[in-house]
Amino acid sequence: MLRFQNFRLDGRIALVTGAAQGMGLAFSEILALNGAGVAMWDVKGLTLKTALATMLAKGYRVASYAVDVSKADEVNAAVKKIEADLGPVDILVNNAGILRRTDFRNITQEEWKLVNAVNVDGAFNCCKALIDGMIERKRGKIINISSSAGRSTSTFGGAHYTTSKAALLGLTRHLAREVARYRINVNAVCPGSIDTPMVQRAASQKEIEEAIEKIPMGRLGRAEDVANLILFLASDASSYITGASIDINAGELMV
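So, here's what we can say about the structure. Everything numeric here is computed off the predicted structure, so don't read it as measured data. (Residues numbered from 1 in each chain as written. Predicted model: local features only at pLDDT ≥ 70, side-chain atom pairs only at ≥ 80, totals over all residues. Heavy atoms only, no water.)

## Considering helix α8 (residues 223-234)
Note that an α-helix has 3.6 residues per turn; residues three or four places apart therefore point the same way. With 12 residues, α8 ought to run about 16 Å at 1.5 Å a step, and its terminal C-alpha atoms sit 16 Å apart, in line with that. Within α8, burial applies to Ala223, Val226, Ala227, Leu229, Ile230, Leu231, Leu233 and Ala234. (Helix = DSSP H or I, 4+ residues; strand = E, 2+ residues; numbered from the N terminus. Expected span 1.5 Å × (residues − 1). Buried < 20%, exposed > 50% of the residue type's maximum accessible area, 1.4 Å probe, protein only.)

See the structure below:
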């Protein structure tokens, strides 16, 4: 009989992007609750300060950094700051993302580039900044937050959002193959319709209710639902999983 695996992350440092609210904040909290030191990144400075204060009040070892992940120079500088403040990063959660729901014919070049710059280039920049250190230490966990949109189409977003989330799945698979020999796990999580501030801004209450009707379990997901999966993938319990795209959608998409 196998002994239950320990999900504790004591002594490890996690970096969560898009950490000021929604799923990113939930990811930061569950990792910190289970012993990790957590670096919280976001472009929303005031919201990030509020989130940091909440985390510190709970006694977690956390620090926050205002970073635009679409800009490689900001990412590289912030990684050096994390290493000085907390230590080398063992766990990367590429959660930062933006959603636009413009119809395809009305998507401008600028909007297309913006969505992909944050959702795809941002993940690439963070992976690029951290991968050499993970290879040198021969350990690391990279978790890319894709979406059911990346495996089908988006409920609330446009073609650019769907494309960006599909691209993350390709990045996940290819990087996983390249770095597996260094004991680095690279996986993607594909949430369905999750009740987050981003979704609440993008859709009307009627549209949300219509989406819920199509979900077999009859509700939107909660950030905490996804956070439980993030903890598993960040822990040693998932050491034999890499290159995977894991659905978490209450049956909204079954493939």
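## Quick word on the packing of helix α4 (residues 109-137) against helix α5 (residues 159-179)
Running from N to C, α4 and α5 point in directions that differ by 15°, and their axes come no closer than 9 Å. Considered as vectors, α4 and α5 are oriented roughly parallel to each other. By crossing handedness, the relation of α4 to α5 is classed as right-handed. Of α5, the residues touching α4 (which contributes Glu111, Trp112, Val115, Asn116, Asn119, Val120, Ala123, Phe124, Cys127, Ile131 and Ile135) are Ala159, His160, Tyr161, Thr163, Ser164, Lys165, Ala167, Leu168, Leu171, Leu175 and Val179. (Axes fitted to C-alpha atoms, helices over the stretch in contact; angles between N-to-C directions. Parallel < 35°, antiparallel > 145°, perpendicular 65-115°, else oblique. Left-handed = near helix turned anticlockwise from the far one by under 90°. Contact = heavy atoms within 4.5 Å.)

## Details of empty space enclosed by the protein
Leftover empty space is mapped by rolling, across the atoms, a probe with the size of a water molecule. According to the stated counting rule, one finds one cavity of 30 Å³ or more in the structure shown. Each pocket or cavity is described by its volume, and for the largest cavity that value is around 40 Å³. What lines the largest cavity is simply Thr17, Val69, Asn94, Asn95, Ala96, Val118, Asn119, Gly122 and Ala123. Looking at the lining of the largest cavity, the element that brings in the most residues is α4, giving four residues. (1 Å grid on protein atoms, 1.4 Å probe; cavity = no way out; pocket = protein on both sides within 12 Å on 5 of 7 lines; lining within 4 Å. Points joined across faces, edges and corners; volume = space filled by probe spheres on them.)

## Focus on the side chain of Ser235
Here Ser235 lies in the loop between α8 and β7 (245-248). Residue Ser235 is classed as buried on the basis of its relative accessible area, which comes to 0%. When near neighbours in sequence (up to four residues on either side) are disregarded, Ser235 contacts Asn6, Phe7, Leu9 and Lys141.

## Overview of unusual backbone geometry
Even without being glycine, Lys138 reaches a positive phi, approximately 55°. Within the secondary structure, Lys138 is located in the loop between α4 and β5 (140-145). Classification of Lys138 by relative accessible area gives partly exposed; the value is 40%. Phi is positive for Ala250, which is not a glycine, with a value near 60°. Assignment of secondary structure puts Ala250 in the segment after β7.

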